[in-house]
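# Results of the structural survey
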Amino acid sequence: MKRSTTIINLFCALASRRQFMALVASSQARISMSETQSSPVLEVRRVGKKFPSVKALDDVSLELQAGEVLAVIGENGAGKSTLMKILAGVESPTSGELYVEGQPRSFSSVEQALQAGISLIHQELNLSTNLEVGANIFLGREPTRFGLIDGRKVEREAMKFLKMVGLDVSPRTLVGKLSIGKQQLVEIAKALSTRARVLIMDEPTSSLSQHETETLFGVVTALRDRGVSVIYISHRLGEIEELADRVVVLRDGRYVGQLSRDELNHDAMVSMMVGRDVSKFYHRAAHETGAEVLTVDQLRTPANPRLPLSFSIRAGEIVGIAGLVGAGRSELLTTLFGVTPAVAGSMRLGRLSHPPRTTVEAIEAGIVLAPEDRRLTGLILSMSVKRNLSLATLRRDATLGFLNRSSENRVSHDMSKLLQIKSSGDDQVVQYLSGGNQQKVVLGKWLATKPRLLMLDEPTRGIDVGAKEEIYKLMHELAGQGVAILFVSSEMEEIFGLSDRTLVMHEGRITGELAQEQLSEAAVMNLATGGNPSTSSRTSA
Amino acid sequence: MTSTQSTTDSLPRRIATRLRTGGKIYGILGLLVMICAYTAIASDRFLLVGNVENLVHRTALFGILSIGAALVIITGGIDLSIGSVVCLVGVLLPYLLVEHQWSVPVAVTTVLALSLGVGLVHGLLVTKLRLQPFVVTLCGLLFYRGLARGITNDQSQGFGLEFKGLRSIATGRLPIFGEAEGAFHLPATTLVLIIFAIVAAVFLNKTIYGRYLLALGNNPEAAKYSGINTDRMVLLAYAVCSTLAGFGGMLFVLDINAAQPSDFGNFYELYAIAAAVLGGCSLRGGEGSILGVVIGAAVMVVLSNTINLVHPKYQNIEFAIIGAVILAGAIVDELVRRWLAVRRAARQSEKP
C-alpha cells in the first residue's frame, strides 16, 4: 500500500516555502503555548445523541487543546456530522456535557455556540454570492452609524480579517466573482470576525483545486499558530496525514480511538475506520483486452476548442484519466457522451462514426456516462428505484410508445439483484437512498442498456468504503465481460487500483499515457502538473 | 434486504404509502364531496337536474383547459396565455364564419391550427431560446388579447341564429336516461372531456413519453443525461396546452354564442392553473394526475355555483372565497407532506 498515498500528500511533501516557514514559526509558538496550557478549549464528555430509535452518537468524549488541529474521521454514518452539529449548536445532545474552557455550556442555537467562540464552516458554503465580501463577513452583525450601515467601518474591519486569512481581495468584490477556494477563505474570515476560537471545517477541500488546497493549509497552519483550534473533517486521508496534530476515529457513533502525530499513517487510519484490515482493498485481476472499441482522433471539446485530443480504448480495458481539478477531464467525458457536443474532430464506436451530437445518439451507440454529480445529473430524485433503473431502456422495450411494464419490472428486479441495491423495495424513492446505493441505481440504469463503453466520472465520490469496494468489483467484472471502461478519478488509489492504462490530463491536454507498469505517483504528478514526461517514466512517447 | 416487499407493513405505514401514492386524489375528491354536500344541504336548488347538467357542462369546458395547463405544469413550466387563446379563438371563429363567410371545416381547422402554432412558438421560445415560460406566456397573454380586439375592432362576435349544427357540439344534451322532461341529459361537452382525459391519462401513465415528461419535470438535466430528448417533450406540452385552450375557446363561444374580445376568457388561465394545482400538480414540476386535475376543475366550478346559490350576497367576493379555499387546500397538502416526511425519518432511523 506504499503507492496509495494521495496526490495531495505528494504535493504537501513538496510544500511551498511559505508554508515551511510558517511551520518553523509555529513549532516555536507551540512550545511556548504548551507550557501555559491548562484546561482544554473544548471538552466533550460522554455525549450521546438518540434519534427516535437510533443512536447516532453513543458516549463520545474528546478534548481539544488551544492551537491544535484535530482531525475527526470515520465512514459515512459514523457520527461525525452529528457531533459537529452538536458542537455548533445546530442540534442538542440527548446526554453528556460540553465544556468550553472548563465552563459547562449547552447550546440551544447556533448564535450561542458562536458567542462561545465555536464556528462551523459547512461543506456547502453559506455565502450570499450576490453581496460583497465585506457585507458577507458582517452579515447579521453590521456595524451601524445613525441606524445605517457604516460602510467604511465594514471595509476597514473586513480588511483586517481578510489579511488574517491571506486573502488579497477588496472587501468591495462580489463574492460570486471569487473562486470557490477564495470563497472558503471569506467564510473563514467571517468566522474569525466572530472571534472564533474553535473552527470546525467540514470537508473544506472537496471542491478546491490543488493550489487552493495548499493555500487553505497555509491559512489553517497560520491560524493554529495564533492559538485558534481547528476541528478538521475530511475523507482525504492524505490531507489529514499532512495537517493534523491528532486524529480521532469514530465508528457507528462510538469513539474508536485516536492517533497522535507520530502514529499517523494512512493504513492505520483506514483500518481503525473500517474496523478490519484492508490490506487487500482492490481486487486486481489482469483483463483480457480485445479489439479497439473507441477511437478518438483530434477531438476538440467546447471547453478547450483549441486542444485536440486523441486516444483509443479496447474492449475489456479499464482506462483511468488522472489529473488535477480543472484539467478538462469531465469535459472530455461529457463530450464523448454528447452532452457538450464536440466542435471538431472524429470519433468511432461501432456504427457511430462521428462524435455524438446528443445523448440519445451516444446511448444508441452504446456509450453511457455515470456523471460526477448524481443528484444533479444522474437521478430523478423524486422517482422510485424502479423508474430510475428503467429510464434508459424504456424506449428499447416499448411497443408503439407504450410502456412495457413486465420488462420494466424485470430490468428493475435484475439490476437490484445484480448490484445488491439496498432499498425498502422497488418503489422506494431514490432521494432517500445512501450515496452508494444511489450510485448503484445510476450504474444499473446503464448496465440495463448493455453498453459497450461505460464512462464514470468520480465513480465513488461521497460513497462509503464498503460500497466503494463493491463498485470496484463491478467495474472489474464488467471489464471481464468485454465492456470498455473509461473513468475519471481524483483519488490516486483508485487510479492505481483500477486502471489498465492511465491517461493524464493537464490544462485541457492529454499530457501522457502510462501503462500499468509505468504507473507511479511521481510519473502521474509530473504529467498532471505539465512536467516533462521523460523524467518520470521510462518510455512514453 | 435486497427488496423486502411491503406485505408485512403496519397499518399506519400502509396508510402512509396509500396517502403518498393516491393521497392527493382522495384529498381533492373529499373536498369536492364536502362542498357538494354542503351546498346540497344549504340550497334546495343545487340538486335540480338543470343545475347539475350545467355544472357537469362547465366542468367539462374548464377541465379541457386544465388538462392542457397540467401538462405544461408537469414539465415545470407555466402557461399564462390560456385565457387569451380562448379569447382569440372565441372571437375569430364567429368572425370568420359570420363576417367572412368561411366554410365551417376551413374556419375550425384555421383556429385550431392557429392555437397549435401559438403553442409551438411558446415551446420553441422556452426550449431553444431558453426564455422563462412565465415571461413567454405572459407576453402571449397580452399579445393574443390585443390581437383579438384589434381584428374584431373590439366588437362582440356571435353566431346569431346560424350554425345550430356546429353549436350543438357545445350545447347538445344527450338523453342517456331517456327523453323524459325531467330526466338528466348528459352535456355533449362531457364526451369531449372524457375523450381528452382518457387520451391524456393514457399518454401520461402508459406511454414512455408520459414517463419522460414526469422525469424531466423533476430533473431536466438528469433526464437529458438519460437519453431523453427533453426539448421535444417540452415543446409537445406547450403545443398540446395551447391547442386544448383553442379547442376550449371554440366550445365556449359555441356554447355562449357571444364573445366580447375585451373580457372573453378573462382569468381562465388562472382557473386552469388552480384546478391543476388542486388536482395534485406541483408547480415545481414532475408531479400530476389527469383524474385529479379534472376533479380540481370540478371543485372550481362547484365552488362558484355554491356562492351563487347559497350566498348570493357574497357574489362580489367570489374570488376571495375561491382563493381562500385553494390556499387552505395547499396548506393541508403541505402539512400532510411534512407529516409523511417525519414518519419517513422515523422509519429510516429504525433501521440503523
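Residues numbered from 1 in each chain as written. Chains lettered and ligands numbered in written order. Predicted model: local features only at pLDDT ≥ 70, side-chain atom pairs only at ≥ 80, totals over all residues. Heavy atoms only, no water.

Attention now moves to the packing of aromatic side chains. Summed over the entire model, instances satisfying the criterion amount to 15 aromatic pairs over all chains. Relative to A:Tyr232, the ring of A:Phe217 has its centre 6.5 Å away and its plane inclined at 75°; by these criteria the two rings are edge-to-face. Here A:Phe217, found in helix H8 (residues 210-225), pairs with A:Tyr232, found in strand E10 (residues 229-233); they are 15 residues apart in sequence, far enough to count as distant. A:Phe217 gets classed as buried once you look at its relative accessible area, which sits at 0%. Residue classification places A:Tyr232 among the buried positions, given a relative accessible area of 1%. Seen from their ring centres, B:Phe62 and B:Tyr271 are 5.4 Å apart, and the 55° between their planes marks the pair as tilted. Note that B:Phe62 is positioned in helix H2 (residues 49-74) and B:Tyr271 in helix H11 (residues 268-278), a separation of 209 residues in sequence. B:Tyr271 carries the same exposure label as B:Phe62, and that label is buried. An aromatic cluster of three or more residues is present, and its members are B:Phe62, B:Phe252, B:Tyr268 and B:Tyr271. It is B:Lys313 that lies over the ring of B:Tyr314; its NZ or CZ is 5.6 Å from the centre. (Phe/Tyr/Trp six-rings, centres within 6.5 Å; stacked < 30°, edge-to-face > 60°. Helix = DSSP H or I, 4+ residues; strand = E, 2+ residues; numbered from the N terminus. Buried < 20%, exposed > 50% of the residue type's maximum accessible area, 1.4 Å probe, protein only. Lys NZ or Arg CZ within 6 Å of the ring centre and 35° of its normal.)

All names here are of chain A. Along the chain, Thr221 turns up in helix H8. When its relative accessible area of 3% is taken as the criterion, Thr221 is described as buried. In this structure the side chain of Thr221 is engaged in a polar contact, spanning 2.5 Å, whose partner is the backbone oxygen of Phe217. (Polar contact = N/O pair within 3.5 Å; in protein donor to acceptor, adjacent residues only side chain to side chain.)

Time to look at the sheet that holds strand E16 (residues 344-349) of chain A. Residue and element names in this part refer to chain A. Read from one edge to the other, the open sheet built from three strands follows the order E14-E13-E16, with strand pairing classed as antiparallel. Every other strand in the sheet has two partners, leaving strand E14 (309-314) and E16 as the edge strands with one partner each. Strand-to-strand twist of the sheet, defined as the mean angle between neighbouring strand axes without regard to direction, takes the value 5°. Both strand E13 (residues 292-300) and E16 contribute to a ladder of five bridges, which runs antiparallel. If you follow Val296 over to E16, its bridge partner there is Met347. Across the sheet, helix H11 (residues 329-336) touches E13, E14 and E16, and the angle it forms with E13 is around 115°. (Pairing = 2+ DSSP bridges. Axes fitted to C-alpha atoms, helices over the stretch in contact; angles between N-to-C directions. Contact = heavy atoms within 4.5 Å.)

This part takes up unusual backbone geometry. Residues and elements named next belong to chain B. A positive phi is found at Arg130, a non-glycine position, where the angle reads about 60°. Within the secondary structure, Arg130 is located in the loop between helix H4 (104-127) and helix H5 (133-151). Phi is positive for Asp154, which is not a glycine, with a value near 60°. Among the secondary structure elements, Asp154 is positioned in the loop between H5 and helix H6 (164-171).

Below, the discussion takes up the interface of chain B and chain A. In this assembly, 34 residues from chain B lie in contact with 44 residues from chain A. When the two sides are added together, the surface that chain B and chain A hide from each other amounts to roughly 3100 Å², 55% of it contributed by carbon and sulfur. On the chain B side of the contact with chain A, B:Ile208, B:Arg211 and B:Tyr225 bury the most area, a combined 25% of that side's loss. Linking chain B with chain A are one salt bridge, by the criterion used here. A:Glu408 serves as the salt-bridge partner of B:Arg211, at 2.6 Å between the closest nitrogen and oxygen. In this structure, the connection of chain B to chain A is made through 12 residue pairs in polar contact (both at pLDDT 80 or more). Broken down by secondary-structure element, the contributors of at least two residues to the side of chain B that touches chain A are helix H7 (188-206), helix H8 (208-218), helix H9 (220-225) and helix H13 (318-350) of chain B. Considering every element that reaches the side of chain B that touches chain A, the biggest residue donor is H8(B), with seven residues. (Buried area = accessible area lost by both parts, 1.4 Å probe. Salt bridge = Lys/Arg side-chain N within 4 Å of Asp/Glu carboxyl O.)

Tallied over the full model, the rule gives 23 salt bridges over all chains. The residue A:Asp245 makes a salt bridge to A:Arg224 at a minimum N-O spacing of 3.0 Å. With A:Asp245 in the loop between helix H9 (237-243) and strand E11 (246-251) and A:Arg224 in helix H8, the pair connects residues that are 21 residues apart, well separated along the chain. A:Asp245 sits in the buried class, given a relative accessible area of 13%. In this structure, B:Asp231 engages B:Lys128 in a salt bridge whose closest nitrogen and oxygen atoms are separated by 3.4 Å. Of this pair, B:Asp231 sits in helix H10 (residues 230-256) while B:Lys128 sits in the loop between H4 and H5, and the two are 103 residues apart along the sequence. Accessibility expressed as a relative area gives 17% for B:Asp231, which makes it buried.

Once that is clear, we can look at the confidence of the model for chain B. When pLDDT is averaged along chain B, the result is 90; 92% of the residues meet or exceed 70. Confidence drops under a pLDDT of 50 for residues 1-8 of chain B, and excluding neighbours within four residues, the segment shows 12 contacts in the predicted structure. (pLDDT = per-residue confidence, 0-100.)

Formed by 102 residues in total, the largest nonpolar core has its most connected members in B:Leu65 and B:Leu93. In contact with B:Leu65, other than residues within four places in its own chain, are B:Ile82, B:Val86, B:Leu244, B:Ala245, B:Gly248, B:Phe252, B:Tyr268 and B:Ala272. The next biggest cluster of nonpolar side chains, apart from the first, holds 79 residues, and it includes A:Leu389, A:Val430, A:Leu454 and A:Ala528. (Core = buried A, V, L, I, M, F, W, Y, C linked by side-chain atoms within 4.5 Å.)

Let's shift gears to the sheet that holds strand E21 (residues 509-515) of chain A. The strands that make up a sheet pair up through hydrogen bonds in the backbone, lying either parallel or antiparallel. All names here are of chain A. Strand order in this open sheet of six strands is E17-E18-E19-E15-E20-E21, and the pairing throughout is mixed. Strands with a single pairing partner mark the edges of an open sheet, and in this sheet they are strand E17 (367-370) and E21. Averaged over all pairs of adjacent strands, the angle between their axes in this sheet comes to 20°, without regard to strand direction. Strand contacts of helix H17 (residues 435-447): E17 and strand E18 (453-457), with the helix running at about 175° to E17, the strand carrying the most contacts. Where helix H18 (residues 465-480) meets the sheet, its contacts fall on strand E15 (318-323), E18 and strand E19 (484-488), and the angle it forms with E19 comes to roughly 145°.

For the rest of this paragraph, the subject is a positive patch on the surface. Residues and elements named next belong to chain A. Where like charges cluster on the molecular surface, the positive patch consists of Arg145, Arg152, Lys153 and Arg156. If one sorts the elements of the positive patch by residue count, helix H6 (residues 151-164) sits on top with three residues. Tracing the backbone shows Arg156 in helix H6. A relative accessible area of 53% places Arg156 in the exposed class. (Patch = residues over 30% accessible without salt bridge, like charges linked within 9 Å, V, L, I, M, F, W, Y side chains within 5 Å. Areas by Shrake-Rupley, 256 points an atom, 1.4 Å probe, with all protein chains shown as cover. Lys, Arg positive; Asp, Glu negative; His and termini not counted. Charge placed at Lys NZ, Arg CZ, Asp CG, Glu CD.)

On to the environment of B:Val49, then. All names here are of chain B. For Val49, the location among the structural elements is in helix H2. With 133 residues separating them along the chain, Val49 and Gly182 place their C-alpha atoms 7.0 Å apart. For Val49, the contacting residues outside a window of four places in its chain are Gly182, Ala183 and Phe184.

All names here are of chain B. Running from N to C, helix H3 (residues 82-99) and H10 cross one another at 50°; their axes reach a closest spacing of 7 Å. Judged by the inter-axis angle, H3 sits oblique to H10. The hand of the H3/H10 crossing is right-handed. Between H3 and H10, the contacting residues are Ile82, Val85, Val86, Val89, Gly90, Leu93 and Pro94 on the first element and Cys241, Ser242, Ala245, Gly246, Gly249, Met250, Phe252, Val253 and Leu254 on the second. Here the contact of H3 with H10 is composed, by residue class, of 12 nonpolar, four polar and no charged. (Parallel < 35°, antiparallel > 145°, perpendicular 65-115°, else oblique. Left-handed = near helix turned anticlockwise from the far one by under 90°. Nonpolar A, V, L, I, M, F, W, Y, C, P; charged D, E, K, R; others polar.)

A cluster of nonpolar side chains, namely A:Leu400, A:Phe402, B:Leu191, B:Ile194, B:Ile198 and B:Val202, defines an oily patch on the protein surface of about 570 Å² accessible area. Its place among the elements puts A:Leu400 in the loop between helix H15 (394-397) and helix H16 (405-419).

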